[in-house]
Amino acid sequence: MRRWVGSIAVLAAFAGGSAWAAASQAEGAQQHGVDPKAGALLKRMSDFLASQPQFSVQADGSTEAVLKTGEKVEFEHSSDVRLKRPDKLRSDRRGEKADAEFYYDGHSFTLYGKNKHYYATSAAPATIDEAIDAARERLGIEAPAADLLYSNPYDVLMEDVVSGSDLGADAVRGVACHHLAFRGNETDWQIWIEDGPRPVPCKFVITSKKVQGSPEFQVEFSHWNFSPRFDDTVFRFTPPSDAKRISFLGEQASPGTQGDKK
């Protein structure tokens, strides 16, 4: 996401007067807190996701990195995410810089790098919410758009928000959506929510304003399945015969496992 004022100029140049009007109205709304309609649409999406005991989804995204020269480079990635509440999560990620699998089974985290055949395992908390926090804070592991995986996404998403607006109707991959924009102290973000009885997120864009160069992360969601057929073995890692166990950076291997190799 570009800086808000810059995005208005881009919209005006490439999308014409209607986009300019929508962005200008949004800017005005953002000066007066969160638009009630935007808040209600986000809450509806959150409640819908929270009510699902399990689901799978494909997440295709890109992450910007800002080089020391100020140049921005973008890395593409794709993830297959599977979730089973309250204590199961798996993400298989592929991309230019990663080909990895993340497992959480209610007892431990495991991250397996398929290219190098290394894996690391660490004890984990008892719920997905706690596990996402622990993986991020202790291990530096981030599930794709992890804020949407919590049991109450609305509270997590709105934690830093100072204003928000409804930009109106839009489409993502041909799906009719509500386009919402929010501004926070640390980040600005946009979300596109499917219009209809199934209010799932279709696209999510985050700009890190406090990071030099304001890099952007964006992800599009597809192939939502709320009746997946998988059992608990999907979330349990079994190391391949040629895999080598290592420790997470900054963590010591637990007693009796240091140097353990398969």
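Note that this is a predicted model, so its numbers are computed, not measured.

A. Seen up close, the pairing of strand 1 (residues 54–66). Bridge count between strand 1 and strand 2 (residues 72–84): 13 bridges; the pairing is antiparallel. Paired with Phe55 across the two strands is Leu83, which belongs to strand 2. Between the end of strand 1 and the start of strand 2, which pair antiparallel, lie 5 residues, with Gly70 showing a positive phi angle near 95°. Inspection of the sheet shows strand 1 paired to strand 11 (residues 216–225) by 7 bridges, in the antiparallel sense. Looking at strand 11, one finds that Ala59 is bridged to Phe221.

B. Quick look at the packing of aromatic side chains. Inspection of every chain in the model, using the stated rule, returns 13 aromatic pairs. The interplanar angle of 65° and the centroid separation of 5.9 Å between the aromatic rings of Phe55 and Phe226 together place this pair among those described as edge-to-face. You can see Phe55 sitting in strand 1 and its partner Phe226 sitting in the loop between strand 11 and strand 12 (244–246), a full 171 residues away along the chain. Here Phe55 falls in the buried class, since its relative accessible area comes to 0%. Accessibility expressed as a relative area gives 18% for Phe226, which makes it buried.

C. The sheet that holds strand 1, seen in detail. Read across the sheet, 12 strands follow the order 7-8-9-10-11-1-2-3-4-5-6-12 without closing on themselves; strand pairing throughout is mixed. The strands lining the two open edges of the sheet, one partner per strand, are strand 7 (161–172) and strand 12. Each adjacent strand pair in this sheet contributes to an overall mean axis angle of 20°, direction not counted. In terms of strand pairing, strand 6 (residues 118–123) meets strand 12 through 3 bridges, oriented parallel. Each residue of the ladder has a partner; that of Tyr118, found in strand 12, is Lys244. Helix 4 (residues 128–139) contacts strand 2, strand 3 (88–95), strand 4 (99–104), strand 5 (108–113) and strand 6 of the sheet and is inclined by roughly 55° relative to strand 5.

D. Spotlight on the pattern of salt bridges. Throughout the structure, instances matching the rule amount to 14 salt bridges. For Arg173, the salt bridge goes to Asp60, with nearest N and O atoms at 3.2 Å. Of the two residues, Arg173 is situated in the loop between strand 7 and strand 8 (175–184) and Asp60 in strand 1; the sequence distance between them amounts to 113 residues. Look at Arg173 and you get partly exposed, because its relative accessible area is 48%. One salt bridge in this structure joins Lys72 and Glu64, with 3.6 Å as the shortest N-O distance. The class for Lys72 is partly exposed, based on a relative accessible area of 40%. In the salt-bridge network here, residues are joined through shared partners; they are Asp60, Arg173 and Glu220.

E. Seen up close, the side chain of Ser62. By secondary structure assignment, the location of Ser62 is in strand 1. Excluding residues that lie within four positions of it along the chain, Ser62 makes contacts with Glu74, Phe75, Glu76, His77, Glu216, Phe217 and Gln218.

F. Focus on the confidence of the model for the protein. Considering every residue of the protein, the mean pLDDT works out to 86; 82% of them sit at 70 or more. Ignoring residues within four places in sequence, the model shows residues 1–22, a span with pLDDT below 50, making 28 contacts including any to other chains. Within the model, the stretch residues 253–262 combines pLDDT values under 50 with 12 contacts to residues more than four positions away or in other chains.

G. Broad picture of the side chain of Gln190. Along the chain, Gln190 turns up in strand 9 (residues 187–194). In this structure Gln190 comes out as buried when scored by relative accessible area, which is 13%. Within the structure, the side chain of Gln190 is placed 2.7 Å from the side chain of His179, a separation counted as a polar contact.

H. Fine view of helix 3 (residues 36–50). The end-to-end C-alpha separation of helix 3 is 21 Å, in line with the 21 Å expected for 15 residues at 1.5 Å each. Among the residues of helix 3, those classed as buried are Ala38, Gly39, Leu41, Leu42, Met45, Ser46, Phe48 and Leu49. Looking at the buried residues of helix 3, the elements they touch are helix 5 (153–157), strand 7, strand 8, strand 9, strand 10 (201–208) and strand 11. The backbone nitrogen of Lys37 has a side-chain oxygen 3.0 Å away, supplied by the residue at the start of helix 3, namely Asp35.

I. Here's a closer look at unusual backbone geometry. The omega torsion of the bond from Arg85 to Pro86 falls at 10°, within 30 degrees of zero and hence cis. With respect to the secondary-structure elements, Pro86 resides in the loop between strand 2 and strand 3. Although it is not a glycine, His117 adopts a positive phi angle of roughly 65°. Tracing the backbone shows His117 in the loop between strand 5 and strand 6.

What counts and how
- Residues numbered from 1 in each chain as written.
- Predicted model: local features only at pLDDT ≥ 70, side-chain atom pairs only at ≥ 80, totals over all residues.
- Heavy atoms only, no water.
- Pairing = 2+ DSSP bridges.
- Helix = DSSP H or I, 4+ residues; strand = E, 2+ residues; numbered from the N terminus.
- Phe/Tyr/Trp six-rings, centres within 6.5 Å; stacked < 30°, edge-to-face > 60°.
- Buried < 20%, exposed > 50% of the residue type's maximum accessible area, 1.4 Å probe, protein only.
- Axes fitted to C-alpha atoms, helices over the stretch in contact; angles between N-to-C directions.
- Contact = heavy atoms within 4.5 Å.
- Salt bridge = Lys/Arg side-chain N within 4 Å of Asp/Glu carboxyl O.
- pLDDT = per-residue confidence, 0-100.
- Polar contact = N/O pair within 3.5 Å; in protein donor to acceptor, adjacent residues only side chain to side chain.
- Expected span 1.5 Å × (residues − 1).

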